[in-house]
Amino acid sequence: MMHEELVKLEQTIKQARDTWTRLDARRQVLVDQLEQAEAKLNEYLDTIDVYEKARVLLQQSAEYAREQARQQMETLVTNALQYVFGPLFHFQIEIEDHGNRTVAEFYVTTEYEGVQIKTKPQDSRGGGVVDIVTLALRVALMETVQPKVSGPLILDEPGKHVSNEYVYYLYEFLKSLSTMFGRQIIMVTHNHHLTESADQAFEVSIRDGISEVTPISTA
């Protein structure tokens, strides 16, 4: 009798462990999905933040200063798009006054078989265009706003949605930005092509909960 009860108890424990294992695996899947969703949300909010800062700058500027700021932003972002994706890309800012409000909308235009196509950055050629527009707008804000923002340009995974065929042009553009505006660029990236473009590069790894920093050659 005692033996039968022990067997049943062991079976119950095994079933409970199996159930726990399945539920724990499901929980981990949900945790991973939540982390991915939160990362996408933070990326979206960061992009929206840059756009809103540009809109506020344009809205609060006097008409002449606003036009100058618009032209500077359009020129810099257009140069960035053309540097990376080619000469058919342009960036446009359309400004309209609605009563006491100034509304600024951003567009990317391209040409296809002689036809001009105008879309919002987030709808243009996947995430790569959004990355470049956001990066260039961020730089434009730093260079346009008064008093001027000083210091280095700090980037976290710039161009992570830019396909490999355009990454070379991206890091050449970053080098030109650094030279043009005299700003140091500090960048965190997993892309080895961007790493190779740096004057100095370091690999950060975690071992036993401790971060280890190792210089890597970019020659």
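Residues numbered from 1 in each chain as written. Predicted model: local features only at pLDDT ≥ 70, side-chain atom pairs only at ≥ 80, totals over all residues. Heavy atoms only, no water.

Novice: Which residues make up the overall build of the chain, and what values do they have?
Specialist: Of the regular secondary structure elements, the chain holds 5 helices and 7 strands. Reading the chain from its N terminus to its C terminus gives the helix and strand order α-α-β-β-β-α-β-α-β-α-β-β. For the chain, the exposed surface amounts to about 14,900 Å²; the carbon and sulfur share of it is 53%. Taking the average location of the 21 positive side-chain charges in the chain and that of its 33 negative ones, the two points are 3 Å from each other. (Helix = DSSP H or I, 4+ residues; strand = E, 2+ residues; numbered from the N terminus. Areas by Shrake-Rupley, 256 points an atom, 1.4 Å probe, with all protein chains shown as cover. Lys, Arg positive; Asp, Glu negative; His and termini not counted. Charge placed at Lys NZ, Arg CZ, Asp CG, Glu CD.)

Novice: Give a description of the confidence of the model for the chain that names residues and reports values.
Specialist: Summing up the model confidence of the chain, the mean pLDDT is 82 and the portion of residues at 70 or higher is 91%. No element of the chain has a lower mean pLDDT than helix H1 (residues 2–60), which averages 78, and none a higher one than strand S5 (residues 185–188), which averages 89. (pLDDT = per-residue confidence, 0-100.)

Novice: For the side chain of aspartate 131, give the residues involved together with the corresponding values.
Specialist: When you line up the elements, aspartate 131 lands in helix H3 (residues 127–144). Here aspartate 131 sits buried without a salt bridge, and the closest side chain of opposite charge, lysine 160, lies 7.2 Å off (N-O distance). A polar side-chain atom of aspartate 131 sits 3.2 Å from the main-chain amide nitrogen of lysine 160. Once residues within four sequence positions are removed from consideration, aspartate 131 is found in contact with Gly159, Lys160, His161 and Val162. (Buried < 20%, exposed > 50% of the residue type's maximum accessible area, 1.4 Å probe, protein only. Salt bridge = Lys/Arg side-chain N within 4 Å of Asp/Glu carboxyl O. Polar contact = N/O pair within 3.5 Å; in protein donor to acceptor, adjacent residues only side chain to side chain. Contact = heavy atoms within 4.5 Å.)

Novice: Help me get a handle on the packing of aromatic side chains, residues and values and all.
Specialist: Note on aromatic pairs: each is described by the distance of the centres and the angle between the planes. All told, the structure shown has 6 aromatic pairs when counted by the stated rule. A ring pair is formed by tyrosine 168 and tyrosine 171, whose centres lie 5.1 Å apart and whose planes are at 75 degrees; its orientation type is edge-to-face. Of this pair, tyrosine 168 and tyrosine 171 both sit in helix H4 (residues 164–181), 3 residues apart, roughly one helical turn. Overall, the relative accessible area of 14% leaves tyrosine 171 in the buried class. Each residue in the set Phe85, Phe89 and Tyr166 is aromatic and connected to the rest through ring pairs, giving one cluster. Over the aromatic face of tyrosine 107 sits the side chain of lysine 118, whose NZ or CZ is 4.7 Å from the ring centroid. (Phe/Tyr/Trp six-rings, centres within 6.5 Å; stacked < 30°, edge-to-face > 60°. Lys NZ or Arg CZ within 6 Å of the ring centre and 35° of its normal.)

Novice: Go over the layout of surface pockets with me, naming the residues and quoting the values.
Specialist: Rolled over the atoms, a probe as big as a water molecule pinpoints where empty space is left. Volume-wise, the largest pocket comes out at about 740 Å³. Lining the largest pocket are 22 residues; nearest its centre among them are Ile185, Met187, Ala198, Gln200 and Ala201. At the level of secondary structure, the elements contributing two or more residues to the lining of the largest pocket comprise H4, S5 and strand S6 (201–207). Here the element with the most residues in the lining of the largest pocket is H4; it accounts for 5 residues. Looking at the lining of the largest pocket, its residues break down into 11 nonpolar, 7 polar and 4 charged. Within this model, the second largest pocket holds a volume of roughly 400 Å³. (1 Å grid on protein atoms, 1.4 Å probe; cavity = no way out; pocket = protein on both sides within 12 Å on 5 of 7 lines; lining within 4 Å. Points joined across faces, edges and corners; volume = space filled by probe spheres on them. Nonpolar A, V, L, I, M, F, W, Y, C, P; charged D, E, K, R; others polar.)

Novice: Please give an account of the pairing of S5 that cites residues and values.
Specialist: Across 4 bridges, the pairing between strand S4 (residues 153–156) and S5 is parallel. When the sheet's bridge partners are listed, isoleucine 154 is paired in S5 with isoleucine 186. Handedness of the S4-H4-S5 crossover: right-handed. (Pairing = 2+ DSSP bridges. Right-handed = clockwise from strand over helix to strand, strands pointing away.)

Novice: An account of the environment of glutamine 92 is needed here, citing residue identities and associated values.
Specialist: Locating glutamine 92 in the fold gives a position in strand S1 (residues 90–98). With relative accessibility at 26%, the residue glutamine 92 sits in the partly exposed group. Along the chain, glutamine 92 and alanine 198 lie 106 residues apart, while their C-alpha atoms are 31 Å from each other.

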